[in-house]
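Report on the structure
Here is how the chains run, residue by residue.
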Amino acid sequence: MAVERTLSIIKPDATRRNLTGKINAVFEDAGLRIVAQKRIQLTPATAGAFYEVHKERPFYNDLVSFMVSGPVVVQVLQGENAVAKNREVMGATDPKKAEAHTIRAQFAESIEANSVHGSDSLENAKNEIAFFFAGTEILP
Ligand code: RTP
Ligand code: MG
């Protein structure tokens, strides 16, 4: 198994409820290392560009509004098989369908306000990391 990096975002529903530490503990307990992290306010333009792949989906406008509704924490997670491991600890998009031990089962409010984002492939991870971070900001 290769050491990978993936992009994670702790979403506004979670920053609002002061859950960033609890969520980071789940990542670290799963063997993922936080090698870059910053708390930022997304703009509609930035959130819209980040979620460009969902532009035609019915939930796109609501998703962009939600993502700018408060600060987010963008982070790079590193570890063995990090892309799949992070998706595993996040749980299903809809928290009602997520397994009990996952972040979304424990913390998400709804299918939209579901506490975390994680890259869904190694290729997307590379692009999403570059979207938010300069190479010099990532410190393994
Ligand atoms: P993410 O990209 O945030 O890691 O989540 P995901 O892969 O599990 O889900 P995806 O299908 O990529 O959807 C992106 C985000 O859009 C919101 N969503 N809302 N109202 C809805 O039916 C709906 N479906 C998706 C969620 O915030 C989801 O994480
Ligand atoms: Mg996705």
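Residues numbered from 1 in each chain as written. Chains lettered and ligands numbered in written order. Predicted model: local features only at pLDDT ≥ 70, side-chain atom pairs only at ≥ 80, totals over all residues. Heavy atoms only, no water.

We apply this condition: UniProt positions are given in the numbering used here, feature names are shortened, and annotations may be inferred rather than shown by experiment.
Going by an unreviewed UniProt entry, the protein carries the name Nucleoside diphosphate kinase and comes from Novacetimonas pomaceti. Here is the UniProt Function (unreviewed entry) comment for the protein, exactly as written: "Major role in the synthesis of nucleoside triphosphates other than ATP. The ATP gamma phosphate is transferred to the NDP beta phosphate via a ping-pong mechanism, using a phosphorylated active-site intermediate." Quoted verbatim from the Sequence similarities (unreviewed entry) field of UniProt, the annotation for the protein is "Belongs to the NDK family."

1. Digging into the overall build of the protein
Which entries qualify depends on this criterion: Helix numbering and strand numbering both begin at the N terminus, where a helix is a DSSP run of H or I of at least 4 residues and a strand a DSSP run of E of at least 2. In this setup the radius of gyration rests on C-alpha atoms only. A globule is expected at 2.2 Å times the number of residues raised to 0.38. Think of it in three bands: residues with accessible area under 20% of the maximum for their type are buried, residues over 50% are exposed, and the middle band is partly exposed, with areas taken using a 1.4 Å probe on protein chains only. The contact criterion used is simple: two residues touch if any of their non-hydrogen atoms lie within 4.5 Å. Throughout, the Shrake-Rupley method with a 1.4 Å probe supplies accessible areas, and for residues the shown protein chains are the sole cover considered. Charge assignment: positive for Lys and Arg, negative for Asp and Glu; neither His nor the chain ends contribute. The atom standing in for a charge is NZ when the residue is Lys, CZ when it is Arg, CG when it is Asp and CD when it is Glu.
Helix and strand counts for the protein come out as 7 helices and 4 strands. Put simply, the protein runs from its N terminus to its C terminus through helices and strands in the order β-α-α-β-α-α-β-α-α-β-α. Taken over the C-alpha trace, the protein has a radius of gyration of 14 Å; the compact-globule value for 140 residues is 14 Å, and the two agree within 12%. Seen through its C-alpha atoms, the protein measures out along the principal axes to roughly 35 × 35 × 25 Å. Taking all 140 residues of the protein together, 46% fall into the buried category. Here the contacts in the protein between residues at least 6 apart in sequence split such that 77% fall between residues at least 24 apart. Looking at the protein as shown, the accessible area adds up to about 7,300 Å², and 51% of this sits on carbon and sulfur atoms. Between the averaged position of the 16 positive side-chain charges in the protein and that of its 17 negative side-chain charges there is a distance of 3 Å.

2. Things to note about the UniProt feature "binding site: ATP" (unreviewed entry) in the protein
The UniProt entry lists K11, F59, R87, T93, R104 and N114 under the feature "binding site: ATP" (unreviewed entry), expressed in the numbering used here. Turning to its location among the elements, T93 is positioned in the loop between α5 (82-90) and α6 (103-107). When its relative accessible area of 43% is taken as the criterion, T93 is described as partly exposed. T93 has contacts with R104, I111 and N114, leaving out every residue within four places of it along the chain. With respect to the element layout, R104 can be found in helix α6.

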